[in-house]
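# Structural features, examined
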Amino acid sequence: MFITFEGIEGSGKGVMLGLTLDWLRRAGHSVLATREPGGSELGAALRALLLDTRNSDMAPEAELFLYLADRAQHVASKIRPALAGGQVALSDRYADSTIVYQGYGRGLDVDELFRLNDLAVKGLWPDLTLVLDLDVETGLERALRRNREQGLAEKEGRFEAESLFFHAKIRSGYQAWAARHPERIRLVDASGSPAEVFGRIEPLLKALR
Ligand code: TYD
């Protein structure tokens, strides 16, 4: 079983992944929790390049192939082995992030991005993708607060520095993409407390089993 968490910055992916992890473990599952970019050793180096504000003039195609390289290595070295060993794999971001950020966000062709991702992951798409849907202002407020609390360096904040307009495109991109894949992607209202949001996720997890 492979489940991914998607959404704009500050939508609560990390927190919902953690609650899902606890829920699955209590149900007796062995779980791999991972994230992109940076879920593998090679990926950690790629992540540093991708999120460095000094690289903000990166060509969209260069950025794309770095994300795809990160994902290909992540799938091969972490996700596939976990699934083969009978674990449930949870990932904070996956291929849909590329389709939405590089496609709906940066303007690359969405269908082409789907094919390139399919190549990078050799056809491994999640059983369930949860898109945490939240208004952009609330998301950015949450993300900026988290960055301040964790004392994250400037260079970790390349995307947080993007305009509200860009993030609004990302939110509507997720909505449009989810509508194209209703069999796999579920939009979840991410407003409210963590317990409230997880209360919306739990029935979707139950329906999987
Ligand atoms: P991260 O620090 O993981 O942010 P978040 O907490 O929002 O997940 O940074 C990931 C950033 O990279 C995020 O702004 C989205 C972007 N991204 C892409 O543009 N394409 C991708 O394929 C992935 C995986 C992430």
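Before reading further, recall that the structure is shown in the block above.
Now for a look at the structure at hand. (Residues numbered from 1 in each chain as written. Predicted model: local features only at pLDDT ≥ 70, side-chain atom pairs only at ≥ 80, totals over all residues. Heavy atoms only, no water.)

A word on the overall build of the chain. The helix and strand tally for the chain stands at eight helices and five strands. The order of helices and strands in the chain, counted from the N terminus, is β-α-β-α-α-β-α-α-β-α-α-β-α. Against the compact-globule benchmark of 17 Å for 209 residues, the chain has a radius of gyration of 16 Å, which places it among compact chains. On the principal axes, the C-alpha backbone points of the chain span a range of 45 × 35 × 35 Å. When each of the 209 residues of the chain is scored for burial, the buried share is 48%. Within the chain, contacts between residues separated by at least 24 positions form 79% of all contacts whose residues are at least 6 apart in sequence. For the chain, the accessible area works out to roughly 9700 Å², and carbon and sulfur atoms hold 54% of it. (Helix = DSSP H or I, 4+ residues; strand = E, 2+ residues; numbered from the N terminus. Rg over C-alpha atoms; globule rule 2.2 N^0.38 Å. Buried < 20%, exposed > 50% of the residue type's maximum accessible area, 1.4 Å probe, protein only. Contact = heavy atoms within 4.5 Å. Areas by Shrake-Rupley, 256 points an atom, 1.4 Å probe, with all protein chains shown as cover.)

To continue, consider the nonpolar core. Of all hydrophobic cores here, the largest spans 30 residues; its most connected members are Ile 79, Tyr 94, Leu 124 and Ile 170. Elements supplying a minimum of two residues to this core: helix H3 (60-84), helix H4 (95-105), helix H5 (110-120), helix H6 (136-149) and helix H7 (164-180). Those residues in contact with Ile 79 that lie beyond four places of it in its chain are Phe 2, Leu 32, Thr 34, His 74, Ala 89, Tyr 94 and Leu 124. Leu 90, Leu 130, Leu 132 and Val 188 belong to the second-largest nonpolar core, a separate cluster that totals 20 residues. (Core = buried A, V, L, I, M, F, W, Y, C linked by side-chain atoms within 4.5 Å.)

Both the distance between ring centres and the angle between the ring planes are used here to describe each pair of aromatic rings. Applying the stated rule across the entire model yields five aromatic pairs. Judged by centre distance (6.2 Å) and plane angle (55°), the rings of Phe 114 and Trp 177 are tilted. Of this pair, Phe 114 sits in helix H5 while Trp 177 sits in helix H7, and the two are 63 residues apart along the sequence. On the accessibility criterion, Phe 114 (27% relative accessible area) is partly exposed. A residue is classified by how much of its surface remains accessible, and Trp 177, at 1% relative accessible area, is buried. Chaining the aromatic ring pairs together yields one cluster made of Tyr 101, Phe 166 and Tyr 174. (Phe/Tyr/Trp six-rings, centres within 6.5 Å; stacked < 30°, edge-to-face > 60°.)

Strand order in the open sheet formed by five strands is E2-E3-E1-E4-E5, and the pairing between neighbours is parallel. The two strands at the open ends of the sheet, each matched to only one other strand, are strand E2 (31-35) and strand E5 (185-189). When the angles between neighbouring strand axes are averaged without regard to direction, this sheet yields 20°. Of the strand pairs in this sheet, strand E4 (residues 128-133) and E5 are connected by five bridges, and their pairing is parallel. The partner of Leu 130 across the bridge, within E5, is Arg 186. (Pairing = 2+ DSSP bridges. Axes fitted to C-alpha atoms, helices over the stretch in contact; angles between N-to-C directions.)

All right, on to the pattern of salt bridges then. Summed over the entire model, instances satisfying the criterion amount to eleven salt bridges. For Arg 93, the salt bridge is made with Glu 6, and the minimal N-O distance between the two is 4.0 Å. Note that Arg 93 is positioned in the loop between strand E3 (88-92) and H4 and Glu 6 in strand E1 (residues 2-7), a separation of 87 residues in sequence. Judged by its relative accessible area of 0%, Glu 6 is buried. (Salt bridge = Lys/Arg side-chain N within 4 Å of Asp/Glu carboxyl O.)

This next bit is on helix H2 (residues 41-51). For H2, the complete set of buried residues consists of Gly 43, Leu 46, Arg 47, Leu 50 and Leu 51. Down the axis of H2, the smallest arc covering the buried residues is 115°, so these residues share one side. In the core, the buried residues of H2 are packed alongside E2 and H3. Measuring from the backbone nitrogen of Gly 43 back to the side-chain oxygen at the start of H2 gives 2.9 Å, which picks out Ser 40 as the cap. (Arc of directions from axis to C-beta. Polar contact = N/O pair within 3.5 Å; in protein donor to acceptor, adjacent residues only side chain to side chain.)

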